Amino acid sequence: MCQHKPPCPTADSADREAALLVAHHPEQGWSLLCNGVLLFEDTGELLPDGRIIDPHRPVISAQVMTAA
C-alpha cells in the first residue's frame, strides 16, 4: 500500500501511528494513515483488518490545591 521511501510502518507494527497522513478530517475526529489505519481523535484506532484498538490517552492525575 505505501509508496514512500523508506516505507511507512505497517498496520501491525507497534509504531503504526508514525505512518504518514493520507486524509485528515479534524472536524469529524479522524485521520487516515498511509498504512490503512483509521486514527481517531480519542486515540482509538481501526486497523485495516477490522480490529479495534481502544483509546490509549495518557492518564493525567488531577492536582488539587487547597487555600490556606
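Residues numbered from 1 in each chain as written. Predicted model: local features only at pLDDT ≥ 70, side-chain atom pairs only at ≥ 80, totals over all residues. Heavy atoms only, no water.

1. Focus on the pattern of salt bridges
Consideration 1: Overall, the coordinates contain three salt bridges when judged by the stated rule.
Consideration 2: Note that Glu45 and Arg16 form a salt bridge whose closest N and O atoms lie 2.7 Å from each other. Here Glu45, found in strand S4 (residues 45–46), pairs with Arg16, found in the segment before strand S1 (21–25); they are 29 residues apart in sequence, far enough to count as distant. For the residue pair Glu45 and Arg16, the accessibility class agrees, reading buried in each case.
Consideration 3: Between Arg51 and Asp49 there is a salt bridge; the shortest N-O distance is 2.8 Å.
Consideration 4: The partly exposed category is assigned to Arg51, whose relative accessible area is 41%.
Consideration 5: Using a relative accessible area of 53% as the deciding quantity, one classes Asp49 as exposed.
Consideration 6: When salt bridges with common partners are traced through the structure, they connect Asp12, Asp49 and Arg51 into a single cluster. (Salt bridge = Lys/Arg side-chain N within 4 Å of Asp/Glu carboxyl O. Helix = DSSP H or I, 4+ residues; strand = E, 2+ residues; numbered from the N terminus. Buried < 20%, exposed > 50% of the residue type's maximum accessible area, 1.4 Å probe, protein only.)

2. Things to note about the side chain of Ser31
Consideration 1: Structurally, Ser31 can be placed in strand S2 (residues 30–33).
Consideration 2: In this structure the side chain of Ser31 is engaged in a polar contact, spanning 2.7 Å, whose partner is the side chain of His24.
Consideration 3: Apart from the residues lying within four places of it in its own chain, the contact partners of Ser31 are Leu21, Ala23, His24, His25, Val37, Leu38 and Leu39. (Polar contact = N/O pair within 3.5 Å; in protein donor to acceptor, adjacent residues only side chain to side chain. Contact = heavy atoms within 4.5 Å.)

3. As for the pairing of S1
Consideration 1: Relative to S2, S1 runs antiparallel, the two sharing four bridges. Residue His24 lies in a different strand from S2, and its bridge partner there is Ser31.
Consideration 2: Linking two consecutive strands that pair antiparallel, namely S1 and S2, is a turn of four residues; a positive phi of about 85 degrees is found at Gly29 within it. (Pairing = 2+ DSSP bridges.)

4. Structural notes on the sheet that holds strand S5 (residues 52–53)
Consideration 1: Read across the sheet, five strands follow the order S1-S2-S3-S4-S5 without closing on themselves; strand pairing throughout is antiparallel. Unpaired on one side and paired on the other, S1 and S5 mark the two borders of the sheet.
Consideration 2: Pairing of S4 with S5 involves two bridges; the strand directions are antiparallel. Bridge pairing links Glu45 to Ile53 in S5.

So, to be careful, I would describe these as geometric facts and stop short of saying anything about function.
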